[in-house]
Amino acid sequence: MPVHIEAPILSQQQAGDAIYRLSLSCPTIADLAQPGQFVQLLYHDAYGPAMRRPFSIHDADRSSGTFEIIYAARGSFTHGMTHLQPGETLSVVGPLGRSFEMLGPPVTHHVAVAGGVGAPPLHFFMKACVQSGTIHSMTAIVGARTAGQLVVPDD
């Protein structure tokens, strides 16, 4: 069940060429989030009423009550997000959408493929599969136009 909350920003880091990692404190969303789901964000009411934008959940940590999104600064909304500072809040609705499902037996080697801004939810999905023991072997293939546009390659 989605919630609507004002979530404080814990950190924001540039993670590549116009790629940013944003960490938010929201125990309810962190607890409910499943891999493949997303949140809708709005800030400062500067972009019109109900002009929320969707962002995939990159990671969620139930123990700390936090979740992260990764975004590319491409339009006026996301360029504006790059100026947000820790301590400011974002209006968040989520988690929304259906979560991913693992198909096939755990003994099969799985390959996950994503590119560009489609890659952030892949991290959360693979992490959940490994932690649950759902899979024994997985390879991630992530693409981008340039190396600087790879979405958090260390994750």
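This section reports on the structure supplied with the text. (Residues numbered from 1 in each chain as written. Predicted model: local features only at pLDDT ≥ 70, side-chain atom pairs only at ≥ 80, totals over all residues. Heavy atoms only, no water.)

## Notes on the environment of Leu90
Inspection of the secondary structure assignment puts Leu90 in strand β6 (residues 89–96). Judged by its relative accessible area of 0%, Leu90 is buried. Placed 81 residues apart in sequence, Leu90 and Ile9 show a C-alpha to C-alpha distance of 7.2 Å. What Leu90 contacts, discounting residues up to four positions off in sequence, is Ile5, Glu6, Ala7, Ile9, Leu22, Leu24, Leu41, Leu42, Tyr43 and Leu84. (Helix = DSSP H or I, 4+ residues; strand = E, 2+ residues; numbered from the N terminus. Buried < 20%, exposed > 50% of the residue type's maximum accessible area, 1.4 Å probe, protein only. Contact = heavy atoms within 4.5 Å.)

## Let's talk about the pairing of strand β7 (residues 110–115)
Because side chains alternate across β7, one face comprises the buried residues His110, Ala112 and Ala114, and the other comprises Val111, Val113 and Gly115, none of which is buried. Taken together, the six bridges between β7 and strand β8 (residues 138–143) define a ladder with parallel strand orientation. Its bridge partner being in β8, Gly115 is matched across the sheet by Gly143. (Pairing = 2+ DSSP bridges.)

## A word on the pattern of salt bridges
Counted by the stated rule, this structure contains two salt bridges. Linking Glu68 and Arg21 is a salt bridge whose minimum nitrogen-to-oxygen distance equals 2.8 Å. Placement of Glu68 in strand β5 (residues 66–72) and of Arg21 in strand β2 (residues 19–25) is noted, with a sequence separation of 47 residues between them. When its relative accessible area of 15% is taken as the criterion, Arg21 is described as buried. (Salt bridge = Lys/Arg side-chain N within 4 Å of Asp/Glu carboxyl O.)

## Describing helix α3 (residues 120–132)
Helix length check: α3 (13 residues) gives 19 Å between terminal C-alpha atoms against 18 Å at 1.5 Å per residue, within 8%. For α3, the complete set of buried residues consists of Pro120, Pro121, Leu122, His123, Phe124, Phe125, Met126 and Cys129. Looking at the buried side of α3, the elements it contacts are β4 (53–61), β5, β7 and β8. Just past α3, the residue Gly133 takes up positive phi, approximately 75 degrees. (Expected span 1.5 Å × (residues − 1).)

## Observations regarding the pairing of β5
Here β5 lies mainly inside the structure; seven of its seven residues are buried. Here β5 shows no split at all, with Thr66, Glu68, Ile70 and Ala72 on one side and Phe67, Ile69 and Tyr71 on the other all buried. For β2 and β5, the ladder comprises seven bridges, and the chain directions are antiparallel. Its bridge partner being in β5, Leu22 is matched across the sheet by Ile69. Note: β4 against β5, four bridges, orientation antiparallel. Residue Ile57 lies in a different strand from β5, and its bridge partner there is Ile69.

## A look at the environment of Ala128
The residue Ala128 is located in helix α3 in this model. Separated by 69 residues in the primary sequence, Ala128 and Asp59 have C-alpha atoms spaced 9.5 Å apart.

## Thoughts on unusual backbone geometry
The omega angle of the peptide bond from Gly94 to Pro95 is -5 degrees, so this bond is cis rather than trans. Counting through the fold element by element, Pro95 comes out in strand β6. One non-glycine residue, Ala18, lies in positive phi territory at about 65 degrees. Note that Ala18 resides in the loop between β1 (3–16) and β2. Residue class for Ala18 comes out partly exposed when judged on its relative accessible area of 31%.

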